[in-house]
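Spelled out, the chains give:
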Amino acid sequence: MERIILNLKIALGALGNHRLRTVLAVLGVFFGTLSLVIVGNLSDSLSLKTEQEVDSLGKNLVIVFSGQLRRHGPRFPLATRATNLTLDDATAILYAFPHAKEVSPSGMKAFPVRYQNTVLKAVAVNGVAPNFAEVRNFEIASGSPITEDDEKNQRKVAVLGPTTAEKLFGDENPVGKTILIRRVPVQVIGVTVAKGSDISGADQDNQIFVPLKTFLRNFTNKEYVNSIYVQAAGDSVIPSLQKEIVALLRIRHKIRDGMKDDFTVVDLKDVNTLKSDAMGMITILGRTAAAASFLIGALGILSIMILIVNERRMEIGIRRAVGSRKKDIILQFLLESSFISVTGGLIGILIGMMASLVIARVLSYPATISVPGLITAFGASALSGVIAGIYPSFKAIQVNPVDIIRS
Amino acid sequence: MNPLCLMENVKKTFRIGEDLSVEVLKGIDLKVDEGEFIAIMGTSGSGKSTLMNLIGCLDVPTSGRYLLAGREVLGLLDDDLSELRNTHIGFVFQSFYLLPYATVLENVLLPTLYREKTAGHVERRAAEILKLVGLEKRMNFRPNRLSGGEQQRVALCRALMNDPEIILADEPTGQLDSKTASEIMNLLSDLNKKGKTVIVVTHDATIASYAGRVIHIKDGIIIDE
Ligand SMILES: Nc1ncnc2c1ncn2[C@@H]1O[C@H](COP(=O)(O)OP(=O)(O)OP(=O)(O)O)[C@@H](O)[C@H]1O
Ligand SMILES: [Mg+2]
């Protein structure tokens, strides 16, 4: 240990004559680790954020939509419509698959809504099963949720999203008031907690929930629903459950082989692929920048090490004369070059952590520290120093002490 | 008792260029016993430094036999030569070769960096040796703040640090004035009286007079003692 400290002290003395070069070399490694750390932390933040968004929609959700959806793009516009997704399909899924913990069929249609003199031209009205709050992770802020009883008795009651409530009632308390949905009087029984927009960007707070039976009988007068939310028993069973649902619905909808589905089964994680693709690009860019910086840093270290090895031929000769082996000399110069790079690396890690915390705050992402990212960054900085030191240290052992003494 | 150094018909040839080579040492027979103080004299280019380097295992003979402290030197690996130098030999050169970025104390400690088993208090030992040569107050100085004589004394301390049997001094006073030179020679004499084997290369008869035995070398041959 004391040997290392003494050797580093001597090295620092030698580097002191080349401050500018040393600083440039350190900067290269610094920027390399900086970008690795930032990219690592931010991609972790992003996946945590999407995970939270997905969970806010409901845990382990598989959604069956009626009709074919266009898979890409920010929203899910219907490509084809279908009118054959039914409550029986929902029940069948629940009974057929033990991995389907809950099913929550729902219908959705936009209607004009009115309270006294306030008219909203088109609000998304959802007919939902009593378990919807649990399955889709909605909480009630005030009043009460839709119950089994409401559903069974086809009651004309509604739970409002906070945005809708605000638009209709302003500061007034909506609970207990009566609103008109398509001229049908409906009593407001509750308001949900604000959730913001969902993963596809749709505002989840500007909608109205009514019992499904009420929705089908009083509003649409149809027997089919738009979607069935299926809660899987766990994260791992989602892919198989997805396949099973497709197979079951094809049979139930009598779709022959070779024909297209008239429904779409979506795993919410699919939606994230788009976002992670974008993050993937950023990651690649960041890694490329990091690799370039490390290269520049390593080249800087290489040149400075060649320089100081040359300047220190006398030192090397005298070390050999007092008994250092060739491997001691190699080790010494590898230590010196990795010391330069690790200095840059540690500064890069420190500033990278601070920078990613700031960036996460600005983007209002959850702040995370990616430990593998830190380890990679540190490893890369140490490695670039070691690699840059290989050639100079082999130059160093070619110094023959006899030649030094003769000159 | 076995001699400390034993050379039999040692030759040293240097290759210069493709097929040109010079034989610098042409058959050296030399026996050095422990505790001797030897001066090697000869004209410039006669091969004195080459012989010193062979004795000190900085270089190996082209042919012949060389035993140092009972070990056959020819055929040893580079690492083994390093170890021999580290434990048995202390070098002093005409130029002092002190590391400019290290303090006096750190320069003296240099040989201990390459010793497998470092005897505990190396720093205390270094301080004691420095006190011996009167430099205890200069321990934390950089070498460039010392006079030539002081620098050579530091180099001598460095040579003593690992307590070797032999001190090899190749023209140790070459860069010093006569007063400082005699100080260095007195130190070497004292060390010899304490049991160290000392071999000094010199052109100067006054310096050689400190030695108990003078060897003359000419054109790579020992001509008389
Ligand atoms: N590595 C080498 N390669 C080629 N020739 C060498 C080498 N080392 C020494 N010589 C030659 O060997 C001869 C003896 O050199 P050496 O240094 O031993 O002489 P010296 O007696 O110490 O002389 P001086 O009194 O000038 O120091 C010289 O001619 C020198 O040029
Ligand atoms: Mg010489």
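Starting from 1, residues in each chain are numbered consecutively following that chain's sequence as written. To read the labels, note that chains go from A and ligands from 1, taken in the order they are written. With the structure being a predicted model, the display of local features is reserved for residues of pLDDT at least 70 and the display and counting of side-chain atom pairs for 80 or more, all residues being used for whole-chain, interface and lining totals. Processing note: side-chain calculations cover all non-hydrogen atoms of the structure and skip hydrogens and water entirely.

Caption draft 1: Up close: the interface of chain B and chain A. In what follows, a contact means two residues having at least one pair of non-hydrogen atoms within 4.5 Å. Taken together, the contact between chain B and chain A spans 26 residues of the former and 28 residues of the latter. Interface area lost by chain B to chain A is led by Tyr-97, Tyr-101 and Tyr-114 of chain B, which between them contribute 31%. By definition, a salt bridge exists where a carboxyl oxygen of Asp or Glu is found within 4 Å of a side-chain nitrogen of Lys or Arg. Counting the contacts that link chain B with chain A gives 3 salt bridges. When the shortest N-O distance is used, the salt bridge between Arg-320 of chain A and Asp-78 of chain B registers 2.8 Å. We define buried area as the total accessible area lost by two parts upon association, computed with a 1.4 Å probe and summed across both.

Caption draft 2: Focus on the nonpolar core. Among the nonpolar cores identified, the biggest contains 73 residues, and Met-7, Ile-55, Leu-68 and Ile-199 of chain B are the most heavily contacted of them. Helix and strand definitions here come from DSSP, where helices need a minimum of 4 consecutive H or I residues and strands a minimum of 2 consecutive E residues; each element is numbered from the N-terminal end. Looking at this core, the element that brings in the most residues is helix α9 (residues 268-311) of chain A, giving 8 residues. Leave out the neighbours within four places in its chain, and Met-7 of chain B touches Ile-28, Asp-29, Leu-30, Leu-51, Leu-54, Ile-55, Arg-65 and Tyr-66 of chain B. Nine residue types can take part in a nonpolar core, namely buried Ala, Val, Leu, Ile, Met, Phe, Trp, Tyr and Cys, and a core is a set of them joined through side-chain atoms within 4.5 Å. Categorising residues by exposure relies on relative accessible area from a 1.4 Å probe, with only protein chains included: less than 20% of the type maximum marks a residue as buried, more than 50% marks it as exposed, and the intermediate range marks it as partly exposed.

Caption draft 3: Quick peek at the site of ligand 1. Any residue with a heavy atom positioned within 4 Å of a molecule or strand is treated as near that molecule or strand. Near ligand 1 there are 14 residues, and of these Ser-44, Gly-45, Lys-48, Ser-49 and Thr-50 of chain B occur at the shortest range. Of the chains in the model, those with residues near ligand 1 are chains A and B. A distance of 3.1 Å separates a nitrogen atom of ligand 1 from a polar side-chain atom of Arg-406 of chain A. Counted as a polar contact is a pair of N or O atoms within 3.5 Å, where, for protein atoms, one must be capable of donating a hydrogen and the other of accepting one, and residues adjacent in sequence contribute only when both atoms are in side chains. Taking Lys-48 of chain B, its side chain carries an N or O atom lying 2.7 Å from an oxygen atom of ligand 1.

Caption draft 4: The pairing of strand β4 (residues 100-115) of chain A, seen in detail. Residue and element names in this part refer to chain A. When DSSP locates at least two bridges between a pair of strands, those strands are taken to pair. The pairing of β4 with strand β11 (residues 227-232) spans 6 bridges and is antiparallel. Within β11, the residue paired with Pro-105 across the bridge is Ile-228. As paired strands, β4 and strand β5 (residues 118-128) are joined by 9 bridges and run antiparallel to one another. Directly across from Met-108, in β5, lies its bridge partner Asn-126. Taken together, β4 and the strand that follows it, β5, pair antiparallel across an intervening segment of 2 residues, in which Gln-116 is found at a positive phi of about 45 degrees.

Caption draft 5: The arrangement of the sheet that holds strand β9 (residues 213-218) of chain B in detail. Residue and element names in this part refer to chain B. The strand order across the open sheet built from 6 strands is β6-β7-β8-β3-β9-β10, with neighbouring strands paired in mixed fashion. The sheet is open, and its two edges are formed by β6 (89-92) and β10 (221-224), each paired on a single side. Each strand axis lies, on average, 25 degrees off the axis of its neighbour in the sheet, ignoring direction. As judged from the 4 bridges shared by strand β3 (residues 37-41) and β9, these two strands associate in the parallel manner. Bridge pairing in β9 links Met-41 to His-216. Contacting β6 and β7 (166-170), helix α2 (residues 78-88) runs over the sheet at an angle of about 80 degrees to β6. For every element, the axis is a line fit to its C-alpha atoms; helices are fit only across the contacting stretch, and the angle between N-to-C directions ranges from 0 to 180 degrees.

Caption draft 6: Broad picture of the layout of surface pockets. The way it works is a 1 Å grid over only the protein atoms, where trapped points that fit a 1.4 Å probe form a cavity and open points with protein on both sides within 12 Å along at least five of seven lines form a pocket, and then any residue with an atom within 4 Å of a point lines it. Grid points are joined across faces, edges and corners, and a volume is the space filled by probe spheres set on the points. Put simply, the second largest pocket is a space of about 800 Å³. Lining the second largest pocket we find 39 residues, and of these Val-402, Asp-403 and Arg-406 of chain A together with Ser-49 and Asn-53 of chain B sit closest to its centre. Those elements giving two or more residues to the lining of the second largest pocket turn out to be α13 (401-406) of chain A together with β1 (5-15), α1 (48-55) and α2 of chain B. Here the lining of the second largest pocket gets 5 residues from one element, more than from any other, and that element is α13 of chain A. Here the residues of the lining of the second largest pocket are counted per class, giving 14 nonpolar, 13 polar and 12 charged. Polar here means any residue other than Ala, Val, Leu, Ile, Met, Phe, Trp, Tyr, Cys and Pro, which are nonpolar, and Asp, Glu, Lys and Arg, which are charged; Gly is therefore polar.

Caption draft 7: Region of the structure containing empty space enclosed by the protein. Inspection of every chain in the model, using the stated rule, returns 4 cavities of 30 Å³ or more. Taken as a whole, the largest cavity holds about 70 Å³ of empty space. Looking at the largest cavity, the residues that line it are Ala-321 and Val-322 of chain A together with Arg-85, Asn-86, Ile-89, Gly-90, Phe-91, Pro-111, Arg-158, Ala-159 and Asn-162 of chain B. For the lining of the largest cavity, the secondary structure elements donating two or more residues are α2, β6 and α5 (148-160) of chain B. Looking at which element gives the most residues to the lining of the largest cavity, the answer is β6 of chain B, with 3 residues.

Caption draft 8: Region of interest: the domain arrangement of chain A. Examined at the domain level, chain A breaks down into domain 1 (2-52 + 274-406) and domain 2 (83-261). Domain delimitation follows an automatic or database domain assignment. Computed over C-alpha atoms only, the centres of domain 1 of chain A and domain 2 of chain A are separated by 57 Å.

Caption draft 9: Seen up close, the pairing of strand β9 (residues 184-192) of chain A. Residue and element names in this part refer to chain A. Within β9, 7 of the 9 residues are buried, which leaves the element mostly enclosed by the surrounding structure. By the bridge criterion, 4 bridges tie strand β7 (residues 157-160) to β9 in an arrangement that is parallel. Its bridge partner lying in β9, Leu-160 is registered against Val-191. Bridge analysis of strand β8 (residues 178-181) against β9 gives 4 bridges, and the strand direction is antiparallel. Note on β9: the bridge partner recorded for Ile-179 is Val-186. Two successive antiparallel strands, β8 and β9, enclose a turn made up of 2 residues, where Arg-182 displays a positive phi of approximately 50 degrees.

Caption draft 10: Broad picture of helix α2 (residues 19-57) of chain A. Expected span, for any helix, means 1.5 Å times one less than how many residues it has. With 39 residues, α2 of chain A should cover 57 Å at 1.5 Å per step; its first-to-last C-alpha distance of 56 Å lies within 8% of that length. Gly-58 of chain A sits one or two residues past α2 of chain A and shows a positive phi near 135 degrees.

Caption draft 11: Representation of the sheet that holds strand β4 (residues 63-68) of chain B within the structure. Residue and element names in this part refer to chain B. Sheet architecture is open: 4 strands sit in the order β2-β1-β4-β5, paired in antiparallel fashion. Across the chains shown, the open sheet's two edge strands, defined by having one partner strand only, are β2 (21-32) and β5 (71-72). The sheet contact formed by β4 and β5 spans 2 bridges and is antiparallel. Bridge assignment links Leu-67 to a residue of β5, and that residue is Glu-72. Relative to β1, α1 is tilted by about 120 degrees, and along the sheet it contacts β1, β2 and β4.

Caption draft 12: Just the packing of α2 of chain A against helix α11 (residues 326-362) of chain A, in detail. Residues and elements named next belong to chain A. Packing of α2 against α11 leaves a shortest axis separation of 7 Å and a crossing angle of 35 degrees. Between α2 and α11 the crossing geometry is right-handed. Looking at the contact of α2 with α11 residue by residue, the class counts come to 16 nonpolar, 9 polar and no charged. By convention the crossing between two helices is left-handed if the near helix lies anticlockwise of the far one by an angle smaller than a right angle, and right-handed if it lies clockwise.

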